[in-house]
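# Close look at the chain arrangement
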Amino acid sequence: MTTKTGMVVGIGRAHAKAILLGEHTVVHGTPAIAFPLPALPVRALARPAEPGTGSQVPADGHFRFTVGGTDTALSGPRVAAEEALRRWGITDTTVEVVVECGIPLARGLGSSAACAGAAVRAVADLHGLVVESGELYDLVQCGEQVAHGRASGIDASAVLANGPIRFHQGRAEPMPIGLDAALVIADTGVPGSTQHAVAGVRRRLDEDPVRAGSLLERASGLIEAAGDELSAGAAESLGKTMLDFQELLAELGVSTPHIDALVTAALGAGAHGAKLTGAGLGGCVLALTEPASAPGVSAALRRAGAVRTWTVPTRAMHAGATPLSATTSEPGTHQ
Ligand code: MEV
């Protein structure tokens, strides 16, 4: 794109994701199911810059950095875009990337992967390149290793996907959905550290390999059941499966009293099931409900301390069509 001042700018986009089932255990080889949230978007702009320009810390989700110059900030999006330049043999230029992130940071909604994906796409666009999806995934993963420690790849896949996916050992397949329900996502307001949570789960699993084996087997069974329930449209049993997975995540040490209180509030308002989504230790809770009960579940979650909620009808989860209504308990911050 050429701006009004004649400057050439590359543009890249990506979006948030939510994991339905399989967070953490996916790092240890189980499948996981996730869906994109296109209504929480990221846009990145890339343009030529002076080599000495550095990074700026995120403010309101907006931040900037440079690649190909002297900036060495260790952020996932910068590492992914720097690696892109290296792989494409572009060595004689400094590029400034401005990221406008509409995803709340550190809430388990994939902000780091989405910002990396949008940044790489913007740098490619600036150089007139189209990145093939496998290469884009690899580049986002380079950034995710910085952000997560050891990333399974589910975030990198889901923030670039245009429909629900089943992810297993680095491969994502479209996931059929036959469910007419609603998912209510509630933000605890507490930032979680994926790296810290992933390291804690690893320690627990390493402490007792026999228990770890049976826990991961249980997780795989629940994820397979959830896949069948999603395609069969069995909302009640899917809710129960989500609750069983929440119990397993609590055993792994990534739930908190605040998350537990939100799960209880959602169930009390008639949700079929609820669980944390993403890395936990803060972040977001995901509740499954009948569409008609979604406003009540959402209100109950906010009364129990959620700072905002988003509602996603499951039948609209496909390709770029996710309508999402947001409510917040913080006056004046409606999204
Ligand atoms: C984070 O969204 C999901 C985790 O399973 C980490 C990963 O898979 O890389 C906690």
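Residues numbered from 1 in each chain as written. Predicted model: local features only at pLDDT ≥ 70, side-chain atom pairs only at ≥ 80, totals over all residues. Heavy atoms only, no water.

## Considerations on helix α8 (residues 257–268)
Selection rule: Comment: elements are numbered from the N terminus, with helices defined as DSSP H or I runs of at least four residues and strands as E runs of at least two. For a helix, the expected span equals 1.5 Å multiplied by the number of residues minus one. For every residue, the accessible area obtained with a 1.4 Å probe (protein chains only) is divided by the maximum for its type, and the residue is called buried under 20%, exposed over 50%, and partly exposed between those limits. Note that the arc is computed from the directions linking the helix axis to the C-beta atoms. We call two residues in contact whenever any of their non-hydrogen atoms come within 4.5 Å of each other.
Taking 1.5 Å of rise per residue, the 12 residues of α8 would be expected to cover 16 Å, and the 16 Å separating its terminal C-alpha atoms lies within 8% of that figure. Turning to α8, its buried residues are Ile259, Leu262, Val263, Ala265 and Ala266. Mapping the buried residues of α8 onto a view down its axis gives an arc of 160 degrees, with all of them on the same face. Counted as exposed and oriented over 90 degrees from the buried face of α8: Pro257, Thr264 and Gly268. On its buried face, α8 is in contact with β8 (182–187), α7 (235–251), β9 (273–277), β10 (284–289) and α9 (294–303). Once α8 finishes, glycine 270 follows within two positions and takes phi at roughly 100 degrees, a positive value.

## Overview of the nonpolar core
As a reminder, the rule being used: Only buried residues count toward a nonpolar core, which is a set of Ala, Val, Leu, Ile, Met, Phe, Trp, Tyr and Cys residues joined through side-chain atoms within 4.5 Å.
Among the nonpolar cores identified, the biggest contains 103 residues, and Leu37, Trp88, Val97, Val99, Leu109 and Ile185 are the most heavily contacted of them. The element contributing the most residues to this core is helix α2 (residues 111–126), with 11 residues. With residues up to four places along the chain from it excluded, the contact list for leucine 109 reads Ala16, Lys17, Leu37, Leu40, Ile103, Pro104, Ile185, Cys284 and Trp310.

## Things to note about the site of the ligand
Rules: By convention in this text, a residue qualifies as near a molecule or strand provided that one of its non-hydrogen atoms is within 4 Å of it. Whenever a nitrogen or oxygen atom comes within 3.5 Å of another N or O atom, the pair is scored as a polar contact, on the condition that within protein one atom can donate a hydrogen and the other can accept it, and that pairs from neighbouring residues in sequence are kept only if both atoms are in side chains. Each accessible area is a Shrake-Rupley result for a 1.4 Å probe, and residues are judged covered by the shown protein chains and nothing else. Residue type decides the class: Asp, Glu, Lys and Arg count as charged, Ala, Val, Leu, Ile, Met, Phe, Trp, Tyr, Cys and Pro as nonpolar, and the leftover types, Gly among them, as polar.
Around the ligand lies a shell of 14 residues, among which Lys17, His24, His148, Ser152 and Asp155 are the nearest. Taking histidine 24, its main chain carries an N or O atom lying 2.8 Å from an oxygen atom of the ligand. Between an oxygen atom of the ligand and a side-chain N or O atom of serine 152, the distance comes to 2.6 Å. Relative to its unbound accessible surface of 300 Å², the ligand loses 99% to contact with the protein. In terms of residue class, the shell around the ligand is made up of seven nonpolar, four polar and three charged.

These figures capture arrangement, not role.
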